[in-house]
Amino acid sequence: CVGVWDCTRHPSRALSTLLRGHKAPITSLALGHQGEIVSGGRDGTAFLWDLAQGSESRRLGGHGGHVTSCSWFNGSLFLTGAQDGKVRVWDSRGGERNGLVHAVPAHVLPNGSGAVGDIVVTGNSAMSPVISAGADGRVQVLDPRKSFAPMHTLTAHSDFIYSLALAGDVVLS
């Protein structure tokens, strides 16, 4: 479950709410600008939560393996990454295919294996590149203007990249 805590309160009163839905531990969380939360778990699902209501908005399946990363993109769009090597782009407003907009095989190896380690967004614009890293040892710069297709592939690692950090136009992997 997702615990929502008020850390200014005494520990006995700090828990605001518990958002229950995942059937396994949560691996990633991201908070959107409109009070929405996206969570990913080892159960292979992501959940979209309405923080104001304290309830589930939508359950998002279709991931292969654990959901390893979640990130908000721009306004209503958010991204999830999973052990299948795909970065999925979702629209929080819903729509066809439960709001799935794109499924990008950013870290899928030729043999079909792969995993996404992390996803970061470089800015607040609908044109801001998205950076992902994964089990293939690559950092992918994804272009939202071209259905999030890779515009650059950065290769210096020989092993799984689990985490990224962003400082302006510089990404650390």
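Look above for the structure.
First, a word on what this report is: a plain description of the structure on this page. These numbers were taken from a predicted model, which means no experiment stands behind them. (Residues numbered from 1 in each chain as written. Predicted model: local features only at pLDDT ≥ 70, side-chain atom pairs only at ≥ 80, totals over all residues. Heavy atoms only, no water.)

**Some points on the overall build of the protein**
Part 1: Of the regular secondary structure elements, the protein holds 0 helices and 16 strands.
Part 2: By the compact-globule yardstick of 16 Å for 173 residues, the protein fits well, its C-alpha radius of gyration being 16 Å.
Part 3: Across its three principal directions, the C-alpha atoms of the protein cover 50 × 35 × 30 Å.
Part 4: Across the 173 residues that make up the protein, the buried fraction comes to 44%.
Part 5: Restricting to contacts in the protein with at least 6 residues of sequence separation, those with at least 24 account for 37%.
Part 6: Carbon and sulfur atoms make up 51% of the accessible area of the protein, which amounts to about 8,800 Å² in all.
Part 7: For the protein, the separation between the mean place of its 14 positive charges and that of its 13 negative charges on side chains is 4 Å. (Helix = DSSP H or I, 4+ residues; strand = E, 2+ residues; numbered from the N terminus. Rg over C-alpha atoms; globule rule 2.2 N^0.38 Å. Buried < 20%, exposed > 50% of the residue type's maximum accessible area, 1.4 Å probe, protein only. Contact = heavy atoms within 4.5 Å. Areas by Shrake-Rupley, 256 points an atom, 1.4 Å probe, with all protein chains shown as cover. Lys, Arg positive; Asp, Glu negative; His and termini not counted. Charge placed at Lys NZ, Arg CZ, Asp CG, Glu CD.)

**Section: the pattern of salt bridges**
Part 1: Tallied over the entire structure, the rule returns 6 salt bridges.
Part 2: Close ionic contact of Arg88 with Asp84 constitutes a salt bridge, the shortest N to O distance being 2.8 Å. Assigned by exposure class, Arg88 and Asp84 land together as buried.
Part 3: A salt bridge links Arg93 to Asp91; the shortest N-O distance between them is 2.7 Å.
Part 4: A residue is classified by how much of its surface remains accessible, and Arg93, at 65% relative accessible area, is exposed. (Salt bridge = Lys/Arg side-chain N within 4 Å of Asp/Glu carboxyl O.)

**Things to note about the side chain of Gln140**
Part 1: As for its placement among the helices and strands, Gln140 is situated in strand β13 (residues 138-143).
Part 2: A polar contact is formed between the side chain of Gln140 and the backbone oxygen of Ala106, at a distance of 3.0 Å.
Part 3: Engagement of the side chain of Gln140 in a polar contact is seen with the side chain of Thr153, the distance being 2.6 Å.
Part 4: Every residue in contact with Gln140, bar those within four places of it in the chain, is listed here: Ala106, His107, Val130, Ile131, Ser132, Pro150, His152 and Thr153. (Polar contact = N/O pair within 3.5 Å; in protein donor to acceptor, adjacent residues only side chain to side chain.)

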